[in-house]
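# A closer look at the structure
Here is how the chains run, residue by residue.
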Protein chains: 4
Amino acid sequence: MIKKEDKLWGGRFKTRTSSIMERIGESISFDKELYKQDIRGSLAHAKNLLKIEILTTIEFEQIQKALIEIEQEIESGNFQYKLELEDIHMHIESRLTEKIGLPGKKLHTARSRNDQVAQDVRLYIKDETKEILKLIYSLLEVIIEKSKSHTEMIMPGYTHLQVAQPIRVSHYLLSYFWAVGRDLEQFLFAYSVNDLLVLGSGALSGVNYPTDRKFIQEELKLKNISENSIDAVASRDHVLNLLFAICQTLIHFSRISEEIIIYSTVEFSFISLPDSLTTGSSIMPQKKNPDIAELIRGKSARVISNLNHMLVLLKGLPLAYNRDLQEDKISLFDSVEQVKISIEGIREMIHEMKFHPDKMINSLNNGFATATDLADFLVSKKNIPFREAHEYVGKLVSACIEKKLTLPEISLQDRKEISEHFATDEYMDAISLEKSADKKNVFGGTSFERQNEQIKNAEHKLKFWKEKILEVENE
Amino acid sequence: MIKKEDKLWGGRFKTRTSSIMERIGESISFDKELYKQDIRGSLAHAKNLLKIEILTTIEFEQIQKALIEIEQEIESGNFQYKLELEDIHMHIESRLTEKIGLPGKKLHTARSRNDQVAQDVRLYIKDETKEILKLIYSLLEVIIEKSKSHTEMIMPGYTHLQVAQPIRVSHYLLSYFWAVGRDLEQFLFAYSVNDLLVLGSGALSGVNYPTDRKFIQEELKLKNISENSIDAVASRDHVLNLLFAICQTLIHFSRISEEIIIYSTVEFSFISLPDSLTTGSSIMPQKKNPDIAELIRGKSARVISNLNHMLVLLKGLPLAYNRDLQEDKISLFDSVEQVKISIEGIREMIHEMKFHPDKMINSLNNGFATATDLADFLVSKKNIPFREAHEYVGKLVSACIEKKLTLPEISLQDRKEISEHFATDEYMDAISLEKSADKKNVFGGTSFERQNEQIKNAEHKLKFWKEKILEVENE
Amino acid sequence: MIKKEDKLWGGRFKTRTSSIMERIGESISFDKELYKQDIRGSLAHAKNLLKIEILTTIEFEQIQKALIEIEQEIESGNFQYKLELEDIHMHIESRLTEKIGLPGKKLHTARSRNDQVAQDVRLYIKDETKEILKLIYSLLEVIIEKSKSHTEMIMPGYTHLQVAQPIRVSHYLLSYFWAVGRDLEQFLFAYSVNDLLVLGSGALSGVNYPTDRKFIQEELKLKNISENSIDAVASRDHVLNLLFAICQTLIHFSRISEEIIIYSTVEFSFISLPDSLTTGSSIMPQKKNPDIAELIRGKSARVISNLNHMLVLLKGLPLAYNRDLQEDKISLFDSVEQVKISIEGIREMIHEMKFHPDKMINSLNNGFATATDLADFLVSKKNIPFREAHEYVGKLVSACIEKKLTLPEISLQDRKEISEHFATDEYMDAISLEKSADKKNVFGGTSFERQNEQIKNAEHKLKFWKEKILEVENE
Amino acid sequence: MIKKEDKLWGGRFKTRTSSIMERIGESISFDKELYKQDIRGSLAHAKNLLKIEILTTIEFEQIQKALIEIEQEIESGNFQYKLELEDIHMHIESRLTEKIGLPGKKLHTARSRNDQVAQDVRLYIKDETKEILKLIYSLLEVIIEKSKSHTEMIMPGYTHLQVAQPIRVSHYLLSYFWAVGRDLEQFLFAYSVNDLLVLGSGALSGVNYPTDRKFIQEELKLKNISENSIDAVASRDHVLNLLFAICQTLIHFSRISEEIIIYSTVEFSFISLPDSLTTGSSIMPQKKNPDIAELIRGKSARVISNLNHMLVLLKGLPLAYNRDLQEDKISLFDSVEQVKISIEGIREMIHEMKFHPDKMINSLNNGFATATDLADFLVSKKNIPFREAHEYVGKLVSACIEKKLTLPEISLQDRKEISEHFATDEYMDAISLEKSADKKNVFGGTSFERQNEQIKNAEHKLKFWKEKILEVENE
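Here, residues in each chain are numbered from 1, in the same order as that chain's written sequence. Numbering of ligands from 1 and lettering of chains from A proceed in the order in which they are written. Under the rules for a predicted model, residues below a pLDDT of 70 receive no local features and side-chain atom pairs below 80 are neither given nor counted, while totals for whole chains, interfaces and linings still include all residues. For the side-chain quantities, the full set of heavy atoms in the structure was used; hydrogens and water were omitted.

## Here we look at the packing of helix 7 (residues 113-148) of chain C against helix 8 (residues 169-194) of chain C
Between two packed helices, the angle of one axis relative to the other and the distance separating the axes together describe the packing. Residues and elements named next belong to chain C. Worth spelling out the cut-off: Note on method: axes are straight lines fitted to C-alpha atoms, helices fitted across the in-contact stretch only, with angles between N-to-C directions ranging 0 to 180 degrees. Counting from the N terminus, the helices are DSSP H or I runs at least four residues long and the strands are E runs at least two residues long. Roughly parallel means an angle under 35 degrees; roughly antiparallel, over 145; roughly perpendicular, 65 to 115; everything else is oblique. Note: crossing handedness is left-handed where the near helix turns anticlockwise from the far helix by less than a right angle, and right-handed where it turns clockwise. Side-chain classes are defined by residue name, with Ala, Val, Leu, Ile, Met, Phe, Trp, Tyr, Cys and Pro counting as nonpolar, Asp, Glu, Lys and Arg as charged, and the others, Gly among them, as polar.
Relative to each other, helix 7 and helix 8 sit at 165 degrees, their axes nearing to 9 Å. By the angle class used here, helix 7 and helix 8 are roughly antiparallel. Crossing geometry of helix 7 relative to helix 8 is assigned as left-handed. Classifying every residue of the contact of helix 7 with helix 8 gives 18 nonpolar, 5 polar and 5 charged.

## Notes on the interface of chain B and chain A
Formally: What makes two residues a contact is simply this: any of their non-hydrogen atoms within 4.5 Å. By convention, the term buried area covers the 1.4 Å-probe accessible surface removed from two parts as they join, with the contributions of both added. Put simply, a salt bridge is a Lys or Arg side-chain nitrogen that is within 4 Å of an Asp or Glu carboxyl oxygen. Definition of a polar contact: a pair of N or O atoms within 3.5 Å, with one able to donate and the other able to accept a hydrogen when the atoms are protein atoms, and with sequence-neighbouring residues admitted only if both atoms are side-chain atoms.
Across the contact, 102 residues belong to chain B and 102 residues belong to chain A. Buried surface at the junction of chain B and chain A, both sides included, amounts to about 8800 Å², of which 59% is carbon and sulfur. It is Glu227, Arg255 and Arg387 of chain B in chain B that bury the most area against chain A; as a group they hold 9% of the surface buried on that side. In this structure, the connection of chain B to chain A is made through 4 salt bridges. Between Asp237 of chain A and Arg182 of chain B there is a salt bridge, with its nearest N and O atoms 2.8 Å apart. The tally of links between chain B and chain A comes to 51 residue pairs in polar contact (both at pLDDT 80 or more). The greatest single-element share of the side of chain B that touches chain A, amounting to 12 residues, is contributed by helix 11 (residues 237-263) of chain B. Looking at the side of chain B that touches chain A residue by residue, the classes come out as 40 nonpolar, 39 polar and 23 charged.

## Re the interface of chain A and chain C
At the junction of the two partners, chain A supplies 46 residues and chain C supplies 46 residues. Across the chain A-chain C interface, the total number found is 0 salt bridges. On the surface where chain A and chain C come into contact, there are 15 residue pairs in polar contact (both at pLDDT 80 or more). Going through the elements one at a time, strand 1 (154-159), strand 2 (162-168), helix 11 (237-263), helix 12 (291-314), helix 14 (357-366), helix 15 (371-382) and helix 16 (386-403) of chain A are the ones with two or more residues in the side of chain A that touches chain C. Considering every element that reaches the side of chain A that touches chain C, the biggest residue donor is helix 16 of chain A, with 6 residues. Here the side of chain A that touches chain C is composed, by residue class, of 21 nonpolar, 17 polar and 8 charged.

## Here we look at helix 11 of chain A
Definition in use: Helix span, expected: 1.5 Å multiplied by one less than the number of residues in the helix. Each residue's exposure class comes from its accessible area (1.4 Å probe, protein chains only) as a fraction of the maximum for that residue type: buried when under 20%, exposed when over 50%, partly exposed otherwise.
Over its 27 residues, helix 11 of chain A runs 39 Å from end to end, which matches the ideal 39 Å to within 8%, given 1.5 Å per residue. Across the 27 residues that make up helix 11 of chain A, a large majority, 27, are buried.

## Topic: the relation of the copies chain B and chain A
A rotation about an axis combined with a shift along that same axis relates the two copies of the chain. The cut-off we apply is this: C-alpha atoms of residues with pLDDT of at least 70 in both copies form the basis for the least-squares superposition of the copies.
Rotating chain B by 180 degrees and translating it 0.0 Å along the rotation axis places it on chain A, where the RMSD comes to 0.0 Å. The superposition operator between the copies reduces to a two-fold rotation axis. When the interface residues of chain B are mapped onto chain A, 100% of them again fall at the interface, so both copies present the same face.

## Examining the domain arrangement of chain A
Our working rule: Domains are outlined according to an automatic or database domain assignment.
Annotation of chain A at the domain level lists domain 1 (4-109), domain 2 (114-153 + 162-355 + 456-473) and domain 3 (371-431). Relative placement of domain 2 of chain A and domain 3 of chain A: their C-alpha centres are 47 Å apart.

## Observations concerning unusual backbone geometry
The linkage connecting Leu319 of chain A with the following residue, Ala320 of chain A, adopts the cis geometry, with an omega of -10 degrees. Along the chain, the position of Ala320 of chain A falls in the loop between helix 12 and helix 13 (328-352). Backbone geometry at Glu86 of chain B places phi at a positive 60 degrees, although glycine is not the residue there. Within the fold, Glu86 of chain B resides in the loop between helix 4 (57-75) and helix 5 (88-100). With a phi angle near 50 degrees, Phe368 of chain B is a residue other than glycine that sits in the positive phi range. Mapped onto the elements, Phe368 of chain B comes out in the loop between helix 14 (357-366) and helix 15 (371-382). On the basis of relative accessibility, which here comes to 6%, the residue Phe368 of chain B falls in the buried class.

And the structure:
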């Protein structure tokens, strides 16, 4: 326990902070993650105080030196945390004053905890979004690479988890390229929303000193300056945007994870993952469980609820700052951590997954995957209205099921009974898996030709994104 | 009830759709809202079929004429809905065939329900986002207008709902200008994500016909073409983006609504709304309730949960289409409706609200709102370290509270006992509300000068957004 | 539009309700569902007014007659709804006064809209929960019936969606019996929480009349009387409880739906549903999609978000009534509708599903489902520590996979090379699917004996629940 | 890093667990909280193994001694955690084997990680729910105590946050007694749902050993035995129930917190909290912020999202166990921690809050709180229909507002002009705050008499709940 004088706001208080206040009010258990950003922000703020002559050069240098030392103390594990110092900002400030005395106390001039924390979180989001962008980039690279070696292989495309049509494996993989590409764009947007100087907003209405905000902005390499000090300390839209981008990403990941889980079943056996990416059972020696995919599917629930948490937290809060907001960091930090490890997990699984074409062909045949093509053949070559064609093929499929045969297997006789058009040589062509795929030769379709086009487009797009990420990096 | 032959996919089925299938499967009760977009999409698709010679000119013209008639039937209320026709697409198709026979059946060539619905929803989002953008614009105009006439009036700024510092009323109002401006940007982003041709993707892998997607894109005035047909039918990122933009907006609205509710209480009495925007009580004749603000605060819970609904719906769905997605429209339509009426509600309330400066000055004095300024005066003029200054002022405030006086009221003698610096002429200056506000003369701050600057910036920004909206409009 | 005098609370208002107020404030579009409960509540309230001599016998009889007529008007579709009458309560009251004049106006004596609506919703929940309980009961009956005919059939039990161990089909089905049984208990609990008289609480503090609440309680057949009038109008815990019970139920349904979807795939083919419970594709004639299961899985997202909606709506609302609460009914009505149709859907699917034992045996063998039993045999019969046994079996499974064989197929020689214990006669016994199941002879386990015991227990429990439901019914 | 042999399920794996698998799969960072329950469960399981002769007496004693030592190691901080040992169960098992060798390995016989973890979590919920029940009890005691000393004091009752009617402070406080009392009942229900033996369910289908589940049940003092082993390992309904009870509780807390925040504003000044339960500002010396109330209001968002997390996590998971479920503990542990500290926080605030009657009377007068009573006086004493009475009073209120007077202040002349009934002596009686309160003399109403009755009922109920908690405690 500390004496009341040590509390920043102890002036007016007659009794000591009670135990419950301290325990419920502390945030050091989670906000210590902000130490780097807090020190970076304080250094820029100190430079401004020097410039506007609140600090002397000597004082500034003392502060600078001490803050750098504190950063090292924290990183080396030699920093002592105390519950009663509440948060990381108080810890650093208290240690600073311990080290250099009076000048340390002056650092808080022309700054409030409100704009300080708001800035720290924005710096944190900036740093972390850069990391996420690079991780996503590495995932997109892996998807393209895997797709390039799988343009010829054919697998079932599903709707309602029922075999629908033959697709190229590259087509399947690339569908995630474009989805995750949108995630990248979403993070870039979230990045731009966040890239803002808010320091100088004080508690809510600005500061009583001639703070040079433009100068601090440049020091911290931020793109924009907040236009309204109240909004600057009250808004958490940048947090929401990052949490949303993470949700969208994890939704995509939950979908491919579900597929990895299903495609890895004994029954599907379309893909296999190496032992290094699966686990066994403590009791069942034969099990090879796709745990990473399950965990990531589960994590999608977590980040959805983190976004929900933040939205609900903000609902109905009057301006400008309310203590409720202290816990905004909990969801933020957690979602950032989850998305980073999930990108890695998905990237490793895609990189390592092996496809088993025989199993996939088998499913295609058992699932009558070219039934639609057969109907289309009737329409386009035999001039039969689509709805009628659909019915003939329906009857053929029924006959196959009854006889436990596939479309290539059912006899000429049986086919003829349903429609004489099924008795021509064109029948085998019409039900060919390869040809079915290649007939989908529209832009974005599954034909071999279109796959190569799509890979080129993807590579081109990835180059474009690389530039964007480098821009962000090199700020 | 209809005969099974009338069901689109009736071919292979031996028994009639059971009652539960029909009741649980219908979506006509909500998706009829898409009729306009469905007809627009079908017209573009028909033009493509004409171009690639699936339809003759005569067939195309029959289809075109009939679709326009159907649109009129729906709009005039003369269209008959039947539960067994499931959805709006089936209704229109069925009516089309009823009207013109065979050519009607051909319209579904080279198209699947999957890409058709996906396109309809994208057209719907496009149309509605335009409406929302214009409504937001009108709200931003009202905020600027109200701010311009309130740059001199002073009100309390709050943190923790405790009086913190004096702020200009314009400063308060403009904080919502920038927040809602970000919403506008968020809708523009959501708009761009959505602005995509997906028709031609078929069920999931493309179509077996030489559909000219570029041609349809131009017909429908869409900015981009989907790169991957699987992703095109499976993705709902555009829906998520719109739902998120709506959430962010309603979060802002819930905050100002909370303030309107609190500021309208008997105890605060800072603002009053006209009778036309409040309601009375069925039992208490004196009541004047800020129902619109309460309803909008409540609606924030609704749109948060609509976003949650969509995220949870998508979680873990394997590609490409699953029937779960049928209900994506429920949250979408509801959130769109809620945000539109809420923008109107907030706009009307801001337009009509009257501020009561006497009540606000009263609060500022009772809340010792210039205590910080007094501390800053000690720091900047008397060279006292901030933390010490903070303590002196704390003691002065305690003395005031004990004696039930405000800072302008407490006696010279009492002030002197705490610090001799409080006994100088500068004291009254230091605690002046006006001067306090004007000392916050940093960019984004609450000084009179900065208010005028901020209004200019806001007007400039609004002009910029107007251009953006016009671009979107004139596509 | 109506004249202001017609508005209940028009007294003090100088201008007419503006259009936005009317549009945002109306609830008649959804709360008309409460008409029955509103009339029932009003009748009981009128009887009380008669008893305490606010109404004369003649007035009471006029009111009674008119209310019954209004109910018939509504049910026959001859009732006219007007947006400007806002809600169902105003509609009925207004119609009543239209019919009988002054006595109609007196009905609102000793009652506020707050306690009136609160009571109506409680009556609605009571009515609907009874319906839900009966539907759940019918589902439980179907599960037992299906289980009884499937105690001998063996299927794979899964963990991580990997084949784990052989289980009885009855065991699988009954796992849902107990889960849905808990739902039934949850609804009974929700029912008891809701079963409360709140009328007589007035706007929030009670009424100025000698209302006999005990008398109204008996009239409305309610179990308890609210103890505190503020809490009575402010609480929505009963709504939350029902929404939660619905969530838990739909979570169970989403899980069995997922299984139905997976077990119906071409690849698994464990079960098939009749045509009447599946749909085809508009474009792919071979498809037989488990749409009901998909829709119900989707509906789980909807009811989860309805609960979230209600929780978020309530968060931070000061007592007693706030207009935000008007929209509590939206989530409530929707979740009630969804759970009712979902119970029907699950019941029909379970009733109609056919299992294909050959496919399931196949999976069990390909999934090495008795590997654990083999390990246990080493432990219990050969005295080998479990972890070592686990390793031997792991090696055997690896060998099988390499040679594309199953445990019954791999050669004696190969087995012997891994462990001599695999070379004994006991090997075949140890890997038998039937025997594996029967060795799980612990209470709750999958042995044939335990299945019969479990069915007996389930039947016994169902009888107990029937009594509970009848109690609730016969109140 | 550890060698692969050290991994429980290392048998079949050829390569080492990769870094990503280890990092994404670990749960030791959070599930170490379960150590007590894991050891308790293992001891009971070991006793069973002794009874069914899998363990010798000597082995059992070795295990027992070692487990107790491990518990002490953990509690004294001398236990070494390693990421590669994944979870708390592996840690304890590994340490056990380190200590006593072979017998340690035998402990996992007849048990799977699935039933083990499921049981541990149930024991955790049991322990924690007991703690929560006792905390709630202490809160209820404080509410009654505070209510007893505030039956005479009058405050405004609000609807729409507008002054509605005078209520007794005890009436206000007791409204939370009944709400929190429902929470207590909800926790008792959650407790009963959770009070179940699941050990003996194995991985999902039971175990191959004659485990005596009845015996283990008694050892662990559990009320029921799971009826179906699949359901036993797959269900998380007990977790959901606890999370829901916590949500309901925090919703109540968020409402009283909102009120504490509003009632503590400078403008309301109805209540004040001691310095020990508030905080100051680092920059504004006059601030006294109700941080605990704000934090608890914020925590309601957190526990709502924890429930959402768990629901979304479970949605669509096939039986029996999936790795997604590993993270069920994250939300559970967090919500338990939040509810415990929040109960303390609310209890301390209620215990310490001081009411300021002068301020509350002031609000009542300015808010025309007895306007309804005046209307009722016209109805009951002057035989004027309610709606007309409502209008007269509306006019009187309007006149008061125009003249800036309250109902006791407006002149006889002015009153007479509106209605001659306002000119009688009975007027002052009709608008008396005290008399208004005492006229609400219905059961549950705000009259002095009813307050005393309600306190008696509350005390009686609390005694009943005490018995219930003691029953649970003494199991």
